[in-house]
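# Fold and geometry: a report
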Amino acid sequence: MSRLKKIIGLSKLQVVKRIGLSFLCLLCINSSFAQVSAPQPVLPIPNANQLRWQQMEYYSFVHLSVNTYTDMAWGFGNENPKFFNPTELDCRQWARISKEAGMKGIILTAKHHSGFCLWPSKYTEYSVKNSPWRDGKGDMVKELADACKEYGLKFGVYLSPWDRNHPDYGKPEYITYFRNQLTELLTNYGDVFEVWFDGANGGTGYYGGANENRKIDRDTYYDWKNTYALVRKLQPEIVIWNDGGDRADLRWVGTEAGYVGETNWSLLNATGDVPEDMLRYGVENGNAWVPGEVNTSIRPEWFYHPKEDERVKTLPQLMDTYYNSVGRNGTLLLNFPIMPNGLIHPTDEKVVLDFAAARKEAFDKNLVLNVKAQASSFRGKDKKYNADKALDGNEDTYWTVDNQVKTASLTIDLKKETDFNRFLVQEYITLGQRVKSFTLEAWVNGAWEKIDEQTTIGYKRILRFPTVKAFKIRFTITDAKAEPLISNIEVYNAPVIISPPTITRNKNGDVRIVPGDEAAEIYYTLDGSSPNNQSAKYTGPIATSDGKLEVKAVSYSPVSGKMSEASQEKFDVSRKHWKVLNVSDENVNRIFDGQNETNWNTKEKAPAEIIIDMGQNQQLVGFQYLQNQHWWADGSIITRYEFSVSDDNQKWKLVSDGEFSNIKNNPTWQVKTFNLMNVRYIKLLAIKTLGESSNPGIAEIDIITK
Ligand code: FUL
């Protein structure tokens, strides 16, 4: 019987009641529909360009300019364009390596602070057109844009606002010049995904021969508002990076060391100052979407310097960089300093490809793809939003809960006991970043054990922890701005990275051995023999006698059975009893703390000396000096010295003097030997430094005994 007939057979009152009921039901259905309507955005949200950019995750930077040929970090602006001659340049090499490394684009320093242009700009003579490269007919911006197209990579440009060559820099006319150049770059080379406006505005420069110090007001000089409008008009799909001036689409993370804060909101305030901690962590209640990009170089400096050939980031360092950038809601912009011949150095190529292989291995098998999960609740009990949506490998679907429910958990049943050590989680940021804190637990021996407790998630968060063996995993959001939207969860068991460990010995003589990957075991020997997994196992600092020492060590994974090559270090007698006699500053102890990265500078300019009491007589046959290892510390490097010894700190005998030759290009230990001396006191006098009148710096000083 039809519904109408059923109604006709009823009394009027019954009919009215029934209709009323149906109406009510309709209301119910409607309101339950209302409940499962899509979640509302939590403002601010990313625009389409920022979203597309975030999904790129990892792309490269290349630094090449006229200062590559003068071995400088920044060109002064007077370098002769004739120096510029990358005879083997092939942008396809950069594109091939970037592609094979898993990167999604390349950003070129089209003009660095020197003002030298890598394209034949109509507006200046200071460019490739006056260089011998391709007989002055080359256009590197074009060559790279073409190579990117060929390799399916996106292309971006760095245009330094600071120009140390241009005569008008500092005057309004320069802004016209700058915009003309921007127009060339954003018009003539196809799609540009990102433009980079470096914030460095150092002051001194050539400036067309003026050779002076020019200061500008970073807030007003560039009139960013109108410059941004021009950029967006020419390239509507671009994102703008700027670490100074008006808020752009992307932010600097406050360091070039390769990490962003663990707490990382993709938000800032649209106006007002941005102190360093805001760059590092973002601003929880910021009113503008300004996500962080982690820019770092594969070597200590951005341009190529032969002296850094031995200081290329290692595989474990690159892995750390990845987890501390992409794994913390950032993107990774990794720089290749290009050699004078125009190519990426083979060491850089090898490590970046090893890095790609290691990431592939680590994230090879998602242990929870399409595995059944139970959520504490899901939105309106609508399947569209249930727990499975976080495990379906589809970033466009998500698990969420009812409006304003700010805590929720999801339990994944692994069905059998499973090893895992990585947890990856993503928010559906199209509707805003919401999660403030979360925990991760594992079901071990019949109880929940906490693995980790963290703050923000954002586009992507990856947690690393020692391997856990468990049947179940529980992910709990403990606080959020509004109902959380979790688009993706992945779980992995990444293999241990096996690389030679680092060996150091501190002032007290204790030896520390650190593997590249915390999960690796270390085995070592102290007698010069080759170590293997049957040797002594390292469990913590090794106290050693004061004598000379040779340490060899390997990293080992019992799971894969892989063992690294051995690293080895030779140490002379310990510096346990050493004391600097003529300096009261406690930091002076850095010069024998066994840490190459720490440094101490004398309070006076050269000539300056330090006198050390070694605490007991030593059979000296030499000494060695290690310079400050930081790039901008060049001026403090000692070039001329005198080294004297004494029995009583009264009568001194000069045993070695002269020069640390080629020290600028060779930042390793400078070793000087002399005839045997049995003494207790030593004195190093720094007579001259590389900088005209700088304070001499010492990273380490050590002796060589018989
Ligand atoms: C810095 C610059 O001064 C460096 O030379 C480099 O270009 C780096 C990416 O940004 O601020």
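Attention here is on the structure that accompanies the text. In this text the structure is predicted, and so the values were computed from the model without any measurement.

Surrounding the ligand, one finds Phe 61, His 63, Trp 74, His 112, His 113, Tyr 158, Trp 196, Asp 198, Ala 200, Glu 256 and Trp 302. A distance of 3.0 Å separates an oxygen atom of the ligand from a polar atom in the side chain of Trp 74. Surface burial for the ligand is 91%, taken as the share of its 290 Å² of free accessible area covered by protein chains. The class makeup of the residues in the shell around the ligand is six nonpolar, three polar and two charged.

So, on to the sheet that holds strand β12 (residues 331–337). With parallel pairing, eight strands are arranged side by side in an open sheet as β7-β4-β3-β2-β1-β12-β11-β8. The sheet terminates laterally at β7 (239–242) and β8 (251–252), the two strands that pair on one side only. Pairing of strand β3 (residues 154–159) with strand β4 (residues 194–197), which is carried by three bridges, proceeds in the parallel orientation. Opposite Gly 156, over in β4, you have Glu 194 as the bridge partner. Lying over the sheet, helix α10 (residues 346–362) contacts β1 (58–63) and β12, oriented at roughly 155° with respect to β12.

Turning our attention to the packing of aromatic side chains. All told, the structure shown has 44 aromatic pairs when counted by the stated rule. Judged by centre distance (5.8 Å) and plane angle (75°), the ring pair of Tyr 169 and Tyr 221 falls under edge-to-face. Of the two residues, Tyr 169 is situated in the loop between β3 and α6 (172–187) and Tyr 221 in the loop between β6 (212–213) and α7 (224–234); the sequence distance between them amounts to 52 residues. Accessibility classification places Tyr 169 together with Tyr 221 in one group, the buried group. On the basis of an interplanar angle of 75° and a centroid distance of 6.0 Å, the ring pair of Tyr 523 and Tyr 556 is categorised as edge-to-face. Of this pair, Tyr 523 sits in strand β22 (residues 521–525) while Tyr 556 sits in strand β24 (residues 549–556); the two residues are 33 residues apart in sequence, bridging distant segments of the chain. Lying over the aromatic face of Tyr 322, Arg 359 brings its terminal NZ or CZ to 5.4 Å of the ring centre.

What counts as what
- Residues numbered from 1 in each chain as written.
- Predicted model: local features only at pLDDT ≥ 70, side-chain atom pairs only at ≥ 80, totals over all residues.
- Heavy atoms only, no water.
- Near = heavy atom within 4 Å.
- Polar contact = N/O pair within 3.5 Å; in protein donor to acceptor, adjacent residues only side chain to side chain.
- Areas by Shrake-Rupley, 256 points an atom, 1.4 Å probe, with all protein chains shown as cover.
- Nonpolar A, V, L, I, M, F, W, Y, C, P; charged D, E, K, R; others polar.
- Pairing = 2+ DSSP bridges.
- Helix = DSSP H or I, 4+ residues; strand = E, 2+ residues; numbered from the N terminus.
- Contact = heavy atoms within 4.5 Å.
- Axes fitted to C-alpha atoms, helices over the stretch in contact; angles between N-to-C directions.
- Phe/Tyr/Trp six-rings, centres within 6.5 Å; stacked < 30°, edge-to-face > 60°.
- Buried < 20%, exposed > 50% of the residue type's maximum accessible area, 1.4 Å probe, protein only.
- Lys NZ or Arg CZ within 6 Å of the ring centre and 35° of its normal.

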